[in-house]
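# Secondary and tertiary structure notes
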Amino acid sequence: MSEAGGRPGGEPGKRMGAGITGTGSTIGTPQAPSAAAPTHAGYRASCGGQGYGYSGGPSQGSFQGTYQYQQPYTTPRQQAGRTDTGAPGNGKPRRVTITTVMLACAIACGLVQPAFIYEGMSAWHSDIGMFWSLIGLVAGAALPLLLRKRDEKPEFVCLIVAIVTICLPISPLTALMAQSALIARRDPDRRLYELIALSSAATVISRLRDALMPAQYSIIGTMLSSTNDQGHAVHAASRPGMLWSGLLLAVISIAIAAIVGVANRNTSRAQRAQRQAAQQQNRAQMLQSDLANQQLADAIATEAHDTLAHSLSLIAVNASALQVQCRTLEAGNITDRQLHDIAQRAEDIRKQAAGALDEAHSIIDLLHNPNKARQTLGPDGTTSLSRESLSGLIADAKAAGAHIDTWIDIQDMGVIHPDIAKIAYRTVQEGLTNARRHAPGQPIELEVTCSAGHGIGVHISNPTGAQMPEHTGDSGRNTADKPLGGNGLRGIRERVAAVGGTCTWGSDKRGIFHLDAAFPSRILNANQ
């Protein structure tokens, strides 16, 4: 009696098409590709209305990424293929078809009952009855057109149809359709129950009115009577039988209309819940994509700081040393050995500047090609805690004129997770860079220990050249969050803390700056 589906409860969430996806991870075994999520912000390049997005994983020593191809944007209705009723597929033609069938059935039934009554009134020569039935014919043909407004004004449609059905001799089918549409589109309340009662009363009155007519002028009587070949009634239905049949038919019709309305309302609610769930899922995917993009940006920024800051600090130290050596030229007291040292220092600066330029190009390449980030930002042999990598760091610092006393005891490298080894390496690198930048010419003490039983420990200290007042804090040091190294040490502390380690720094009362990082043994292979 009513079309499938109800009024929508909300627009479906906007979806951005996902196509080719892939993931990369440097933690443990390779992960399975994750579900493609719409890239909302970050590193994106557009071409011809299509986008390419990349989302990265955590920047604390590890990296995960999802590369995603995005289809051109389409509207939610185009993507979901749904209409206002929530019906799948090409919904608009289906809705038009349902409405057309409803109107056709309602108009047909609306014309039949007034026609029967008009015939009876003509046989009785009742002018008033004939006029009344003619008005019913017009109303039966026109009233079903109100059903087209059942979505916007179901209460109004149900009220008008019920009143007209009570007053005029028309079929109650239109009233039942309006009642079913009202139940499907409105939640139960007092007004709804009142309109349902009025519509039900109109249905009962219409059926009883038909049953009160003589059998030959009644639809119910015609169905209950038998006729001969000439069309004359042989066994006419009795009046009580017609009344009871009309009442029973009215009750059954009302029950069917209510059941259809409730079923449509439940279907609409289920579809609305699915759309809302899809909206929340899409929103969660966008938030996850935003977070992943931010993590990628943090990872690239961290890589830029770790590499460029180290190279640029070496250039600064060599340039300062070159400046000191060049002053001897002004005095005129210079030897061939000093000239050779000056030329060698200039050559070191040139090489280091070229290396810094290459590193800058590498960072820019990451921004243009974020899909390469999972390989570039992951740990490798040159950025992992090992004797060879530490020897390279120390050699570069000494070549720049730094004086370093070292104590390195590395054992059980096989139990160290690559990401933790990289964070430990970056801690040493940042500590040496920080010492060269803020205490040039001062001696540096470096101690690195690693074992399966005690974990990893990094200690770097250097005089700052200034006597410090008394401080309170760990080991009598100033541990305020204003380190000499600025954001570099803060970034190291965040990465160390992310894997379960600790990182502290500060100056003691003698003006010696200390950097300590500890990685407990329990976390060395926690992510294996």
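It should be noted that the structure appears before, not after, this text.
Just so it is clear, the structure is predicted and the values come from calculations on it, not from any experiment.

How each quantity is defined
- All residue numbers refer to position in the chain's written sequence, counted from 1.
- The predicted origin of the model limits local features to residues at a pLDDT of at least 70 and limits the giving and counting of side-chain atom pairs to 80 or more, whereas totals for whole chains, interfaces and linings rest on all residues.
- With hydrogens and water set aside, each side-chain value is computed from the structure's full complement of heavy atoms.
- Salt bridge, as used here, is a side-chain nitrogen of Lys or Arg placed within 4 Å of a carboxyl oxygen of Asp or Glu.
- Here a helix means four or more residues in a row that DSSP labels H or I, a strand means two or more in a row labelled E, and each is numbered from the N terminus.
- Between buried and exposed lies partly exposed: a residue is buried under 20% and exposed over 50% of the maximum accessible area for its type, with that area taken using a 1.4 Å probe on protein chains only.
- Residue types Ala, Val, Leu, Ile, Met, Phe, Trp, Tyr and Cys, when buried and joined through side-chain atoms within 4.5 Å, form a set referred to as a nonpolar core.
- We call two residues in contact when some of their heavy atoms are within 4.5 Å.
- Simply put, an axis is a line fit to the C-alpha atoms, just over the touching stretch for a helix, and the angle between two N-to-C directions goes from 0 to 180 degrees.
- Under this scheme an angle from 65 to 115 degrees is roughly perpendicular, one under 35 degrees roughly parallel, and one over 145 degrees roughly antiparallel; angles in between are oblique.
- Crossing handedness is read from the near helix: turned anticlockwise from the far helix by less than a right angle, it gives a left-handed crossing, and turned clockwise, a right-handed one.
- The nonpolar class holds Ala, Val, Leu, Ile, Met, Phe, Trp, Tyr, Cys and Pro. Asp, Glu, Lys and Arg form the charged class, and all remaining residues, Gly among them, are polar.

This part takes up the pattern of salt bridges. Considering all chains together, one arrives at six salt bridges under this definition. Residues Arg-186 and Glu-155 are paired through a salt bridge, measuring 2.7 Å at the closest nitrogen-oxygen approach. Here Arg-186 is found in the loop between α5 (173–185) and α6 (190–211), whereas its partner Glu-155 is found in helix α4 (residues 154–167), with 31 residues between them in sequence. Given a relative accessible area of 22%, Arg-186 falls into the partly exposed group. For Glu-155, the salt bridge identified is with Arg-191, shortest N-O distance 3.5 Å. Remark: Arg-191 occurs in helix α6 and Glu-155 occurs in helix α4; sequence separation between them is 36 residues.

A general trend in soluble globular proteins is that nonpolar side chains are found buried together. Leu-385, Ile-404, Val-428, Ile-456 and Phe-519 are the most contacted members of the largest nonpolar core, which has 36 residues in total. Those elements that place two or more of their residues in this core are α11 (387–399), β7 (404–410), α12 (418–438), β8 (444–451), β9 (455–463), α13 (487–498), β10 (502–507) and β11 (512–519). It is α12 that contributes the most residues to this core, eight residues altogether. With near-sequence residues (within four places) excluded, Phe-519 lies in contact with Ile-420, Ile-423, Ala-424, Thr-427, His-454, Gly-455, Ile-456, Val-496, Val-499 and Leu-524. Within the second largest apolar cluster, 20 residues are counted, among which are Leu-173, Met-177, Ile-183 and Ile-196.

So, on to the packing of α4 against α5. One way to put it is that α4 packs onto α5 with a least axis distance of 9 Å and a crossing angle of 155 degrees. The angle between α4 and α5 falls in the class roughly antiparallel. Taken as a pair, α4 and α5 cross one another with a handedness that is left-handed. The residues of α5 that touch α4, namely those facing Pro-154, Glu-155, Val-157, Cys-158, Val-161 and Thr-165, are Thr-174, Ala-175, Ala-178, Gln-179, Leu-182 and Arg-185. Residue composition of the contact of α4 with α5, grouped by class: seven nonpolar, three polar and two charged.

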